[in-house]
Amino acid sequence: MTLWLLGTHLDRTADYLENHDRVLLVESTQFATRRPSHPHKLTLLFAAMRRFRDDLRDRGYTVEYRQAETFGDALDTQFAAHPGDELTMPRPAAHGAADRLGRLVAERGGSLSFVDNPTFILPPAAFDEWAASRETDSPNSYRQEPFYRHMRRETGVLMDDGDPVGGAWNYDGENRETPPADWEPPAPPTFEPGETTRDVAAWVADELETFGEATETAAFHWPVTRAEALTALDRFVDARFEEFGAYQDAMVEGEWAMSHSLLSASINLGLLNPMEVIERAEQAYEEGAAPLNSVEGFIRQLLGWREFMRHVYRRSMPGLAEANQLDQTESLPSAYWTGDTEMVCLSEAVGHVREHGYAHHIERLMVLSNFALLYGADPGELNEWFHQGFVDAFHWVTTPNVIGMGSFATDVLSSKPYASSGSYINRMSDYCGSCPYAVSRDTGEGSCPFNSLYWTFLEENEETLRGTGRMGLMYAHVDDKSPEEWAALRERAEEVRDMAGAGEL
Ligand code: SF4
C-alpha cells in the first residue's frame, strides 16, 4: 500500500503518514511547463517537495520520489515496481483532480482512494450540511460572514461562553488605518536558500519559461520546510502581528509586505496546518501580544474566508471558472505583464508580483482586480494571470477570489462588485501623491484612469448592477451627472482604454 502525496500535501505531522508501506511523490515536468508560473512559485514547490522527501527518509519512511514528464509516466514506473498497488491520497482541492488521478491509477491496474485533506479545517460533508441549512433560509445567507460565525461557534475559536470575544464578531472597521509617513514595517524573514533550493532555482531559470520573462526577481524568501515555516510564523507573531490589523488594508510605496504574515504559501503547501496557525494567533491575543483587531482579522481570513473559498469552489465548479455575467472580453493590458505604466498604484502592485510572486490582499482586490474589472478584462484571463504570478496560487484559490470576488463574474460570493474609483486608493495609500495622474479629476488629460473607467463601468453595467445589493448610493451619483459630464467621462474612458491597450498608460 502506497501513500501518494502531491506538492500541496507536505504536512509532516499528518496522521495519514502512518500505516503505509511507502510514500510516493511525483515531480512532473509537465506540471512545471503547463503554464509559465513565477520562478519563486516553481522553486518553492519543487524545493519543498524534495526537502519533504529528505525529511521523511530521515525519519525512516520509504519514499519513492519519481521525476517524470507526466504523472502517467511516473505511475508506469510505480506499477512496474508494485503491480496492482493500492494507493491512498489526501483529497486534492483542484476540481476534477481526484477523478483524473483515479483514472490514471485504474488504467494501470491499481486503485486510488482518498482521505480528508488536513490542509483544510472543515470536511466537505460538514460544509454541505451548513450550506443546506442556509439555502433554505434565504439566498443571501450563503455568504462568508454567516459561515465564519458558524466556524467560530463550531471550533470555539475567539469565543467566550457562546459569545464572540470582545462582544463583536468582526473588527473590519478597525482594519482600515493608514500608517504615519515615517512608519517602517519590520523586514519580513528571509531564509538562506540551501543546496536543494539553489539546484531547483537554477533548473527553473535554465529550463523553464516563467511568468514575466526577464523579471528581476528579489531574493527567494519563502520557507521550504516546516521548520522554516514555523520560524516565519514566530517572526510574524513576534514582530508584525501587532500592527497587522490596523494597517491590513493600507498600501505604502516601496513596501510590498507591510505587516502581512506571508504565510499563505506555507499553509497552501501543507507546511503549516491552518488550525495550528489560528491557535497560535489566539494564543498571542490571550498573552496580550496582539490586539483583537489584528487577531480577529487574521483568524477571519483563515477560519472564514479560506475555508469558504475552498468549498464555494468545490460546489460551483466547473461553471465558476467560466462565469462572466458582465460579458467582459478585453485582453489584460500589457502593463500586467511588463509592469510598465505611469500609474503608481498599478506599477507598484504589478512590480510586487513580478519581483516577489506576491502582492497583499488589498493590492490584489482594489488595484489589480479593480482595474481589470473597470477596464473590462476577461475574468478567465485575469484568473490565469493570478494563477501564474503568485507563489500561493492554486486553481481552488484564485478561481473564487478572482472570478467571483475580483471580477464579479458571478454573484455566488458577493452581492456587489468590488469596484471603486481612485479615491479609495488615495484614501488607503500614499501612491497618488507621487503619481503623474490627478486623482481629484475624473476627466481630461492627466485625470486618474480609475475615475472615468469607474463611472462608465457603472453606466455600461447598469442593467445588472443598479438593483443589486448596496449599489443604490452609487447610482444616486450616476443619476446626478449631467449629459456634459457623461460625454467628458466617456471620452476620457475611451482614451484610457486606448492608452492601456497600447501599453501607454
Ligand atoms: Fe492610481 Fe489614480 Fe492614484 Fe495614480 S492617481 S496612484 S492611477 S489611483
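Rules used throughout
- Residues numbered from 1 in each chain as written.
- Predicted model: local features only at pLDDT ≥ 70, side-chain atom pairs only at ≥ 80, totals over all residues.
- Heavy atoms only, no water.
- Salt bridge = Lys/Arg side-chain N within 4 Å of Asp/Glu carboxyl O.
- Helix = DSSP H or I, 4+ residues; strand = E, 2+ residues; numbered from the N terminus.
- Near = heavy atom within 4 Å.
- 1 Å grid on protein atoms, 1.4 Å probe; cavity = no way out; pocket = protein on both sides within 12 Å on 5 of 7 lines; lining within 4 Å.
- Sits in = over half its atoms within 2 Å of the grid points.
- Nonpolar A, V, L, I, M, F, W, Y, C, P; charged D, E, K, R; others polar.
- Phe/Tyr/Trp six-rings, centres within 6.5 Å; stacked < 30°, edge-to-face > 60°.
- Buried < 20%, exposed > 50% of the residue type's maximum accessible area, 1.4 Å probe, protein only.
- Lys NZ or Arg CZ within 6 Å of the ring centre and 35° of its normal.
- Points joined across faces, edges and corners; volume = space filled by probe spheres on them.
- Domains from an automatic or database assignment.
- Contact = heavy atoms within 4.5 Å.
- Expected span 1.5 Å × (residues − 1).
- Polar contact = N/O pair within 3.5 Å; in protein donor to acceptor, adjacent residues only side chain to side chain.
- Buried area = accessible area lost by both parts, 1.4 Å probe.

Moving on to the pattern of salt bridges. Evaluation of the coordinates by the stated rule reveals 23 salt bridges. Its salt-bridge partner being D128, residue R314 comes within 2.7 Å of it at the nearest N-O pair. Highlighted residues: R314 in helix 11 (residues 292-316) and D128 in helix 5 (residues 124-137), separated in sequence by 186 residues.

Around the ligand lies a shell formed by M343, C345, G422, I425, Y431, C432, C435, Y437, V439, C448, P449 and F450. Judged by its atoms lying within 2 Å of the grid points, the ligand is housed in the largest cavity. Among the secondary structure elements, those contributing two or more residues to the shell around the ligand are helix 18 (422-428) and helix 19 (449-460). Considering only residue class, the shell around the ligand consists of 11 nonpolar, 1 polar and no charged.

Turning our attention to the packing of aromatic side chains. Per the stated rule, a full pass over the model turns up 28 aromatic pairs. The interplanar angle of 70 degrees and the centroid separation of 5.3 Å between the aromatic rings of F241 and F298 together place this pair among those described as edge-to-face. Of this pair, F241 sits in helix 8 (residues 226-244) while F298 is found in helix 11, placing the two residues 57 residues apart along the sequence. Ring geometry for F386 and F390: centres 5.1 Å apart, planes at 20 degrees, overall stacked. Grouping residues by exposure puts F386 and F390 together as buried. By the ring-pair criterion, three or more aromatic residues cluster together here, those being F211, Y336, W337, W385, F386 and F390. Stacked on the ring of Y65, the Lys or Arg R53 has its end atom at 4.5 Å from the ring centre. The ring of Y358 has R364 sitting right over it, with the charged end atom 5.2 Å from the ring centre.

Going from M317 to P318, the amide bond is cis rather than trans, its omega being 5 degrees. Secondary-structure assignment places P318 in the loop between helix 11 and helix 12 (319-322). Of note, D161 is a non-glycine position whose phi angle comes to about 55 degrees, a positive value. Within the secondary structure, D161 sits in the loop between strand 6 (159-160) and strand 7 (163-164). With relative accessibility at 77%, the residue D161 sits in the exposed group. With a phi close to 50 degrees, M258 is a non-glycine residue in the positive phi region. Inspection of the secondary structure puts M258 in the loop between helix 8 and helix 9 (264-269).

Let us look at empty space enclosed by the protein. On inspection of all chains with the given rule, the structure shows 4 cavities of 30 Å³ or more. Space inside the largest cavity adds up to approximately 90 Å³. The wall of the largest cavity is formed by 13 residues, among which C345, C432, C435, C448 and F450 lie closest to the centre. Elements that contribute at least two residues to the lining of the largest cavity include exactly helix 14 (344-356), helix 18 and helix 19. Classifying every residue of the lining of the largest cavity by side-chain character gives 12 nonpolar, 1 polar and no charged. What the second largest cavity holds in volume is close to 70 Å³. Taken together, P189, F191, H221, W222, P223, A232, S261 and L262 make up the lining of the second largest cavity.

One number sums up the size of the second largest pocket: a volume of about 870 Å³. Taken together, 37 residues make up the lining of the second largest pocket; nearest its centre are F31, R34, F71, A94 and R100. With 5 residues, the top contributor of residues to the lining of the second largest pocket is helix 2 (residues 39-58). Across the lining of the second largest pocket, the residue classes tally to 17 nonpolar, 14 polar and 6 charged. Three or more residues apiece are contributed to the lining of the second largest pocket by two domains, here domain 1 (2-115) and domain 3 (335-501).

This part is about the environment of L56. Tracing the sequence through the fold places L56 in helix 2. Taking the C-alpha atoms as reference, L56 lies 7.7 Å from R12; in sequence the two are 44 residues apart. Setting aside its immediate chain neighbours within four residues, L56 contacts L17, V23, Y61 and V63.

Here the focus is the environment of A106. Within the secondary structure, A106 sits in helix 4 (residues 97-107). Since its relative accessible area comes to 49%, A106 is described here as partly exposed. C-alpha of A106 to C-alpha of T329: the two residues are 223 residues apart in sequence and 40 Å apart in space.

Take helix 11 next. Quick reminder: α-helices carry 3.6 residues per turn. Residues three or four places apart thus point the same way. Taking 1.5 Å per residue as the helical rise, helix 11 with its 25 residues ought to reach 36 Å, and the 33 Å between its terminal C-alpha atoms agrees with that figure. Counting buried residues along helix 11, 20 of its 25 residues qualify, which places the element largely inside the surrounding structure.

In this fold, R354 is placed in helix 14. Overall, R354 belongs to the buried group, its relative accessible area being 16%. Here the side chain of R354 touches T338 through a polar contact of 3.5 Å, landing on its backbone oxygen.

A separate point is the domain arrangement of the protein chain. Many authors give the size of an interface as the accessible area that is lost as the parts come together. Annotation of the protein chain at the domain level lists domain 1 (2-115), domain 2 (124-193 + 223-314) and domain 3 (335-501). With centres defined by C-alpha atoms, the gap from domain 2 to domain 3 works out at 25 Å. Across the contact, 28 residues belong to domain 2 and 33 residues belong to domain 3. Summed over both sides, the interface of domain 2 with domain 3 buries roughly 2600 Å², with 65% coming from carbon and sulfur. Summed over the shared surface of domain 2 and domain 3, the result is 0 salt bridges. Among the elements that make up the side of domain 2 that touches domain 3, the one with the highest residue count is helix 11 (7 residues). Partitioned by chemical class, the residues of the side of domain 2 that touches domain 3 number 14 nonpolar, 6 polar and 8 charged.

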